[in-house]
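What follows is each chain in one-letter form.
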There are 2 protein chains.
Amino acid sequence: MRENDLIRELRAKLRDPEGVLGIGDDCCVWTPGGTTCLSVDAIVEGRHFTSVATPAQIGRKAAGAALSDLAAMGARPVGAAVTLVCPGRWDAAAIMDGLIAELARHHCPLLGGDTCGGDALVVSVTVWGEAAKHRLLKRSGATPGDLLVVTGPLGGSLASGRHLAPQPLLAEGAWFAGHPAVHALMDLSDGLATDAPKLAEASGCGCLLLPAQVPVHPDVPEMSDTVRAALCDGEDYELLAAVAPDQWPHLQLAWPFANRLCVVGWLIEQREILMEDRAGRVVPFTYKGFEHST
Amino acid sequence: MRENDLIRELRAKLRDPEGVLGIGDDCCVWTPGGTTCLSVDAIVEGRHFTSVATPAQIGRKAAGAALSDLAAMGARPVGAAVTLVCPGRWDAAAIMDGLIAELARHHCPLLGGDTCGGDALVVSVTVWGEAAKHRLLKRSGATPGDLLVVTGPLGGSLASGRHLAPQPLLAEGAWFAGHPAVHALMDLSDGLATDAPKLAEASGCGCLLLPAQVPVHPDVPEMSDTVRAALCDGEDYELLAAVAPDQWPHLQLAWPFANRLCVVGWLIEQREILMEDRAGRVVPFTYKGFEHST
C-alpha cells in the first residue's frame, strides 16, 4: 500500500478531538492543559516480536508498551503519533487497526505519523500526556527507607506470549499520583532485576531486594527457576512504586484494584544493590535482568 | 554498544533546559507555553540514505528533516525525542552526535528516546514546538486566488547528496507566520508536483502550476529535464506558502532572507490540478512527484 493511500484511509477512520488538528498537516496541533510528559517506544521485528505475531497484535503491543510509560508517570494520555516502517509482506493497515484500537481503549487519539517501506518491521509510538492527579511521578523522588512495591505478579511474559498484550496500568498510575506517600514510580519493562536499580540510582539511593517476596506470575512454568523468571524475564508492564513505609498499611488498605500490591524490597542509603538470600542474609544482588543490545 | 551504555553516554553529554526533565525517566516532562505542534519523521537505510552516508550525516538528516516540519508550521522547536534502531555495523554514538549537533544548531534539546538493535538502520525523530509568532500555519488556510510561493530553487537533491543536509527553514517559517498575508504553509519534501496538490486539497482548492517559473537548483545537471527535476525530485525542504495576491509585492519587498521568493502557481476554485504548458495553454498537470511506497 502506498503511503498516501494508508494516510487517506487512516484519516477517514479517525476523528480528531475538538480543537485538535490531527493527521494530514506538517504537524499535529493541540493546546496543552499544563505540564506535559512524552515518551517514544519502539518495537522491532525479530527483537520484540516474530512473524508468528499477527499484525493486530503487533500494533496493540506497540501502543500498549508506549502507553505504559504514561502510566509510569501517573499521566493521562493526550495524543499519540506513530512511525511505521513496514515491509510489503506485512499488512500495514491491519497493524494500524490494532494500534488505533489499543490507543482508543485508553482514550488516546492518534494524531500524527510517518510511514515508509523497509526490510524489517518497526513500529515506534510517541505518546504524550498530562498529570492525571496534579503531579507527575518521576523515578527520582524516592528516599532511603521507602518500600519498593509492585502492582502484580512477574515473569513468563515472553514464553507465554503475554508480552504481546501489555496492559498499560493508567488507572493504577493515576491512583499512585494521587497519594503523597508514593514518592517515585516506573513501569517494569526490562525486569525487576534491571529496573529496580534504575529507580534507586535515579533517586540517589541503593536498594535491598527480597527475591523470596517477588510475586511469580502463573505464566512461569513450575519446574523452572521461578524467582529468576519473575526477576529477570521482563515485559511485565507492572508498576514499581516507592512508598513511604509509615503510610504503607494505609495505602494497602485503600488500594482499589484487583491485583495485590507486594513489597519486593526497599531503598537504602548506600548506593549498592543488595538482596536477602534464602537464609535471610544480606548479600550482593546477583540476578541480571533483560537488556537490549544494539 | 548496549542500550544502557548509550543512554548513559547521552545523559552525560546533554544538559536539560531549566525546569525540564530530559532523558532518563519513563517520560520527559516540560511545561508548554501554549498551543503545541508535533511531528514524527523517520529515515530508513536503503530508502532515505545508503551505507555511503556517514553516521553523522544520517543523524543530521534525521534531525533536519524533522525540524523542517516545525518550520512548515512557523513554530520554534521546544524538544525532540529519537527512536534509533541500529544494527551493530553502524556507530550509534556517532549517529546520535550528528543528530544532537543538528538539533542544537536550532536550539532544540533532545529530551527522550528509545534505542535497540535491528537488521536495518532506522532513525525516527519526534519534534515538538510552539508558535514562533502567535499563530501556527496550517496547510488548510489557503483560498482561491492565493499565489503559491517557494523559498528557493528545487531539484537535484538526491543525485548531489544535498538531501543529506536538509536546512530546516525555521526563521523563514517564523517570518511567514508573522505575516497575515500568508494563509498556508508546508515544506517541500516529496517535490512540488506532489506537495502543491496536497496544500490545495487541504484548503479545499485546486491549483494551477507554472512549471516554467519554478526555480531550478544548480544541483540539477544542465543536460537533464531540469523542469521535471525541480518539480519531482523531492527532498528540497524549501517552504511552499500560499500568499494573498494583493499583498505579494509588499511581502516580496519585506522578505529579509538571501534566497529569492518565486511564484510557482496559484490556487483555484475548481478542485483540479492544472498547469500552464510551454505555449501558455492551461492543461491538466502531468508531472508526478516522489512517493514512498510501503
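See the structure shown above.
Here the focus is the overall build of chain A. A count of helices and strands for chain A gives eight helices and 12 strands. Against the 2.2 N^0.38 benchmark of 19 Å for 294 residues, chain A shows a C-alpha radius of gyration of 20 Å, consistent with a compact globule. Long-range contacts, defined as pairs at least 24 residues apart, comprise 85% of the intrachain contacts of chain A with a sequence gap of at least 6. Approximately 11,500 Å² of chain A is accessible, and the part contributed by carbon and sulfur atoms is 51%. Mean positive and mean negative side-chain charge positions of chain A (23 and 35 charges, respectively) differ by 1 Å.

Glancing now at empty space enclosed by the protein. As enumerated under the stated definition, the model contains one cavity of 30 Å³ or more in all. Counted as a void, the largest cavity has a volume near 40 Å³. A per-class count over the lining of the largest cavity returns eight nonpolar, two polar and two charged.

Right, let's get into the pairing of strand 2 (residues 36–44) of chain A. For strand 2 of chain A, the buried fraction is high: nine of the nine residues fall into the buried class. Residue alternation in strand 2 of chain A divides its side chains into two sets, Thr36, Leu38, Val40, Ala42 and Val44 of chain A and Cys37, Ser39, Asp41 and Ile43 of chain A, and both sets are buried. Sheet analysis places strand 2 of chain A next to strand 5 (residues 122–131) of chain A, joined by nine bridges and oriented antiparallel. Bridged to Leu38 of chain A within strand 5 of chain A is Trp128 of chain A. Judged from the three bridges that link them, strand 2 of chain A and strand 1 (residues 28–30) of chain B form a sheet pairing that is antiparallel. Among the inter-strand pairings, Thr36 of chain A is bridged to a residue of strand 1 of chain B, identified as Trp30 of chain B.

Below, the discussion takes up the sheet that holds strand 5 (residues 122–131) of chain B. With respect to topology, five strands assemble into an open sheet ordered 1(A)-2(B)-5(B)-3(B)-4(B), the strand pairing being mixed. Every other strand in the sheet has two partners, leaving strand 1 (28–30) of chain A together with strand 4 (110–116) of chain B as the edge strands with one partner each. Adjacent strand axes in the sheet meet at a mean angle of 20 degrees when their direction is disregarded. In this structure, strand 3 (residues 75–85) of chain B lies alongside strand 4 of chain B, joined through six bridges in parallel fashion. Counted as the bridge partner of Ala81 of chain B is Gly112 of chain B from strand 4 of chain B. Across the sheet, helix 2 (residues 55–71) of chain B is in contact with strand 2 (36–44), strand 3 and strand 5 of chain B; its angle to strand 5 of chain B comes to roughly 35 degrees.

A common measure of how large an interface is: the accessible area buried when the components associate. Facing the 57 residues of chain A at the interface are 58 residues of chain B. On the surface where chain A and chain B come into contact, there are four salt bridges. With its nearest N and O atoms 3.9 Å apart, the salt bridge here joins Arg139 of chain B to Asp25 of chain A. Where chain A meets chain B, there are 19 residue pairs in polar contact (both at pLDDT 80 or more). Elements represented by at least two residues in the side of chain A that touches chain B include exactly helix 1 (3–13), strand 1, strand 2, helix 2 (55–71), strand 3 (75–85), strand 4 (110–116), strand 5 and strand 7 (182–187) of chain A. Here the side of chain A that touches chain B takes eight residues from strand 2 of chain A, the largest share from any one element. When grouped by side-chain class, the residues that make up the side of chain A that touches chain B number 25 nonpolar, 19 polar and 13 charged.

Calculation criteria
Residues numbered from 1 in each chain as written. Chains lettered and ligands numbered in written order. Predicted model: local features only at pLDDT ≥ 70, side-chain atom pairs only at ≥ 80, totals over all residues. Heavy atoms only, no water. Helix = DSSP H or I, 4+ residues; strand = E, 2+ residues; numbered from the N terminus. Rg over C-alpha atoms; globule rule 2.2 N^0.38 Å. Contact = heavy atoms within 4.5 Å. Areas by Shrake-Rupley, 256 points an atom, 1.4 Å probe, with all protein chains shown as cover. Lys, Arg positive; Asp, Glu negative; His and termini not counted. Charge placed at Lys NZ, Arg CZ, Asp CG, Glu CD. 1 Å grid on protein atoms, 1.4 Å probe; cavity = no way out; pocket = protein on both sides within 12 Å on 5 of 7 lines; lining within 4 Å. Points joined across faces, edges and corners; volume = space filled by probe spheres on them. Nonpolar A, V, L, I, M, F, W, Y, C, P; charged D, E, K, R; others polar. Buried < 20%, exposed > 50% of the residue type's maximum accessible area, 1.4 Å probe, protein only. Pairing = 2+ DSSP bridges. Axes fitted to C-alpha atoms, helices over the stretch in contact; angles between N-to-C directions. Salt bridge = Lys/Arg side-chain N within 4 Å of Asp/Glu carboxyl O. Polar contact = N/O pair within 3.5 Å; in protein donor to acceptor, adjacent residues only side chain to side chain.

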